[in-house]
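These are the residues of each chain, in order.
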Amino acid sequence: MTQPFHHTPVLLGESLRALDLRSGGAYLDGTVGGGGHSLGILQALQGQCALTCLDRDQEALEAARARLARYPQVRFVHGNFHQAQALLPGQRFDGILLDLGVSSHQLDQPHRGFSYHEEAPLDMRMDQEGGPTAADWLNTAPEGEIAGALRDYADERWAVRIARIILEMRAQRPLETTQDLVRAVDRAIPRAVRRREEGHPARRTFQAVRIAVNDEIAPLRAALTGLLGMLTPGGRLVVITFHSIEDRVVKRAFNSFRNPCVCPVDAPLCVCGRQPLASLPRGYPVSPGEEELRTNPRARSARLRVAQKL
Ligand SMILES: C[S@@+](CC[C@H](N)C(=O)[O-])C[C@H]1O[C@@H](n2cnc3c(N)ncnc32)[C@H](O)[C@@H]1O
């Protein structure tokens, strides 16, 4: 059953400041979710802007469409921001916002399979219209690929054991539900460790599987380069991340926009001739303050970075 959309926008005031909003500007919210940040943009500019809202999740897009219905200038596009240039050919924006990861709504919808608390089909796709589900991936991927994802996307120390147990389980019968995956984690992590740890033992595994199934990391850097290319000069690309792997990709991409030189570090002069594409405004990255963390614990690991196109 689909429930009403609830998601508290993270770092809202900071995002609006970072976008350096201007009346009459054109903006892209590349991860509109429930429309919290988009609504903030529209309210801050009293509707005096063009806003394009993108999400790969149709349910999110419908929720945002309903929430922003009183702003006829908003355009909604279903798709992946990794393909923004193809989805929005020739379009230019004065600011682009990405608030990465999943929404609270997606996590709280049992039928989506993102939550280890609920028994549900092992799906976890943000875009339900295509691509392999978590069950498809876990039932076919090689052991090393699963272990690698658990290690790289969630720092899971028991990655190898969890992957091995998944392969043992699927040799008996395919994994089908979220609780099949929870059982694999329970079997792999010793009981004493599970008791000692804070939080649910399957939390990291679910995060890693979600990132793998939705291919969230590998195309991110190229996507950021493409989005920078869609900005008008002086336009800003604002990205909120929720874990260190994602943040590292954004940080490295932004640093390379500021300094794309590929000459050896000991070269006396730059001979590659690559010119900076962006500056990095002072005062960033920013993280949520205590006040926001009190009311929205989900914001705990959020980090916001900004690049400004030259
Ligand atoms: C953290 S939520 C955004 C919440 C939103 N800022 C708000 O205030 O309601 C992230 C959203 O981004 C979407 N998303 C994640 N990766 C995406 C991608 N590569 N392309 C398009 N949408 C994506 C998810 O489906 C989800 O709805």
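So, how was this worked out
- Residues numbered from 1 in each chain as written.
- Predicted model: local features only at pLDDT ≥ 70, side-chain atom pairs only at ≥ 80, totals over all residues.
- Heavy atoms only, no water.
- Helix = DSSP H or I, 4+ residues; strand = E, 2+ residues; numbered from the N terminus.
- Rg over C-alpha atoms; globule rule 2.2 N^0.38 Å.
- Contact = heavy atoms within 4.5 Å.
- Areas by Shrake-Rupley, 256 points an atom, 1.4 Å probe, with all protein chains shown as cover.
- Lys, Arg positive; Asp, Glu negative; His and termini not counted.
- Charge placed at Lys NZ, Arg CZ, Asp CG, Glu CD.
- Core = buried A, V, L, I, M, F, W, Y, C linked by side-chain atoms within 4.5 Å.
- Buried < 20%, exposed > 50% of the residue type's maximum accessible area, 1.4 Å probe, protein only.
- Domains from an automatic or database assignment.
- Buried area = accessible area lost by both parts, 1.4 Å probe.
- Salt bridge = Lys/Arg side-chain N within 4 Å of Asp/Glu carboxyl O.
- Polar contact = N/O pair within 3.5 Å; in protein donor to acceptor, adjacent residues only side chain to side chain.
- Axes fitted to C-alpha atoms, helices over the stretch in contact; angles between N-to-C directions.
- Parallel < 35°, antiparallel > 145°, perpendicular 65-115°, else oblique.
- Left-handed = near helix turned anticlockwise from the far one by under 90°.
- Nonpolar A, V, L, I, M, F, W, Y, C, P; charged D, E, K, R; others polar.
- Near = heavy atom within 4 Å.

1. Thoughts on the overall build of the chain
Piece 1. Scanning the chain from terminus to terminus reveals 14 helices and seven strands.
Piece 2. In terms of overall size, the chain behaves like a compact globule, its C-alpha atoms giving a radius of gyration of 21 Å where 310 residues would be expected to give roughly 19 Å.
Piece 3. When the backbone C-alpha atoms are referred to their principal axes, the chain occupies close to 60 × 60 × 40 Å.
Piece 4. Across the chain, every contact between residues at least 6 apart in sequence was considered, and the portion connecting residues at least 24 apart equals 68%.
Piece 5. Of the roughly 14800 Å² of accessible surface on the chain, 50% is carried by carbon and sulfur atoms.
Piece 6. Of the charged side chains in the chain, 39 are positive and 35 negative; the average position of the first set lies 5 Å away from that of the second.

2. Re the nonpolar core
Piece 1. Residues L181, L224, L227 and F254 are the most contacted members of the largest nonpolar core, which totals 67 residues.
Piece 2. Discounting residues that sit within four places of it in the chain, L224 has contacts with L98, L237, V239, V250, A253, F254 and F257.
Piece 3. Counting residues in each nonpolar core, the second largest holds 30 residues, with V10, L39, L51 and L304 among its members.

3. Thoughts on the domain arrangement of the chain
Piece 1. Assigned domains within the chain: domain 1 (12–101 + 217–309) and domain 2 (117–213).
Piece 2. Its C-alpha centre places domain 1 at a distance of 30 Å from the equivalent point of domain 2.
Piece 3. Residue-level contacts link nine residues of domain 1 with 10 residues of domain 2.
Piece 4. Summing both sides of the interface, domain 1 and domain 2 together bury roughly 840 Å²; the carbon and sulfur share of this comes to 53%.
Piece 5. The tally of links from domain 1 across to domain 2 stands at zero salt bridges.
Piece 6. At the junction of domain 1 with domain 2, the criterion picks out zero residue pairs in polar contact (both at pLDDT 80 or more).

4. As for the pattern of salt bridges
Between side chains of opposite charge, pairing is possible as soon as their charged atoms come close.
Piece 1. For the structure on display, the rule yields 16 salt bridges.
Piece 2. The salt bridge partner of D180 is R183, with a shortest N-O separation of 2.8 Å. Note that D180 and R183 are positioned in helix α9 (residues 178–188) at a spacing of three residues, about one turn of the helix.
Piece 3. If you follow the salt bridges from partner to partner, you end up with D57, E59 and R112 in one network.

5. Topic: unusual backbone geometry
Piece 1. In this chain, Y284 is followed by P285 through a cis amide linkage whose omega measures 5 degrees.
Piece 2. Mapped onto the secondary structure, P285 falls in the loop between β6 (278–279) and α14 (290–295).
Piece 3. Positioned with a positive phi, D20 is a non-glycine residue whose angle comes to about 55 degrees.

6. Some words on the packing of helix α7 (residues 143–154) against helix α8 (residues 159–172)
Piece 1. Following both chains from N to C, one finds α7 and α8 inclined at 140 degrees, their axes separated by 8 Å at the closest point. It follows from the interaxial angle that α7 and α8 lie oblique. Read as a crossing pair, α7 and α8 show a hand that is right-handed. Within the contact between the two elements, α7 uses E143, I146, A147, L150 and R151 and α8 uses A159, V160, I162, A163, R164, I166, L167 and R170.
Piece 2. Classifying every residue of the contact of α7 with α8 by side-chain character gives nine nonpolar, no polar and four charged.

7. Comments concerning the site of the ligand
Piece 1. Taken together, 26 residues sit near the ligand, with H37, D55, N80, D99 and Q106 positioned nearest.
Piece 2. Backbone polar atom of R56 to a nitrogen atom of the ligand: 3.2 Å apart, as the coordinates give it.
Piece 3. Here a nitrogen atom of the ligand sits 2.8 Å away from a polar atom, N or O, in the side chain of N80.
Piece 4. When isolated, the ligand has an accessible area of 600 Å², and the protein chains bury 99% of it.
Piece 5. Looking at the shell around the ligand residue by residue, the class counts come to seven nonpolar, 14 polar and five charged.

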